[in-house]
Amino acid sequence: QVQLVESGGGLVQVGGSLRLSCVVSGSIFRINYMRWYRQAPGNQRELVAAITSGGSTTYADSVKGRFTISRDNAKRTVYLQMNSLKPEDTAVYYCNAGVMKVVTSPVTDYWGQGTQVTVSS
């Protein structure tokens, strides 16, 4: 069974930093894309950052220059380094990955349970 487990959330003051991690466990062949989403109360879930298997990255305009996504394929882990945090970054952050369980299988979407990030002013 494929599982994604996030860690690293918490409470931080404005201007502070946090580093989120997400580990993929289970029997798999390959991790394709890895992404971070967030959802604030009353808002839709939005894409924050994404990284391909080749290392290409994309970011939401609201986090460009402040957040950095990276991955360690050997550890099956994706990271989100968040700097210069603002109150509007407060949300539950979700890890998302496209996984091939075996070489002939399609890419299947998996989600973590989410980790709370709260930025206090």
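This section reports on the structure supplied with the text. The structure presented is a predicted model; accordingly, all values stated were derived computationally and were not measured.

1. A few points about the sheet that holds strand S8 (residues 77-82)
Here is step 1: Strand order in this open sheet of four strands is S1-S3-S8-S7, and the pairing throughout is antiparallel. What marks the edges here is a single partner per strand, and that holds for strand S1 (3-7) and strand S7 (67-72). Ignoring strand direction, the axes of neighbouring strands in this sheet form an average angle of 15°.
Here is step 2: The pairing of S7 with S8 spans six bridges and is antiparallel. Paired with arginine 71 across the strands is valine 78, a residue of S8.

2. Some details on the state of the cysteines
Here is step 1: Using the criterion set out here, one finds one disulfide in the structure.
Here is step 2: Between the sulfur atoms of cysteine 22 and its disulfide partner cysteine 95 the distance amounts to 2.1 Å. Since a negative S-S torsion denotes a left-handed disulfide, the cysteine 22-cysteine 95 link at about -80° is left-handed. With a gap of 73 residues between them, cysteine 22 in strand S3 (residues 18-25) and cysteine 95 in strand S9 (residues 91-100) connect regions that are remote in the sequence.
Here is step 3: For cysteine 22, a relative accessible area of 0% corresponds to the buried category.
Here is step 4: Its relative accessible area of 0% is what places cysteine 95 among the buried residues.

3. A short note on unusual backbone geometry
Here is step 1: Its identity as a non-glycine residue notwithstanding, arginine 76 has a phi of 55°, on the positive side.
Here is step 2: With respect to the helices and strands, arginine 76 occurs in the loop between S7 and S8.
Here is step 3: A residue is classified by how much of its surface remains accessible, and arginine 76, at 26% relative accessible area, is partly exposed.
Here is step 4: In this structure, serine 84 takes a positive phi of about 50° despite not being glycine.

Reading the values: rules and limits
- Residues numbered from 1 in each chain as written.
- Predicted model: local features only at pLDDT ≥ 70, side-chain atom pairs only at ≥ 80, totals over all residues.
- Heavy atoms only, no water.
- Pairing = 2+ DSSP bridges.
- Helix = DSSP H or I, 4+ residues; strand = E, 2+ residues; numbered from the N terminus.
- Axes fitted to C-alpha atoms, helices over the stretch in contact; angles between N-to-C directions.
- Disulfide = S-S within 2.5 Å.
- Buried < 20%, exposed > 50% of the residue type's maximum accessible area, 1.4 Å probe, protein only.

Coordinates in, geometry out; function isn't part of it.
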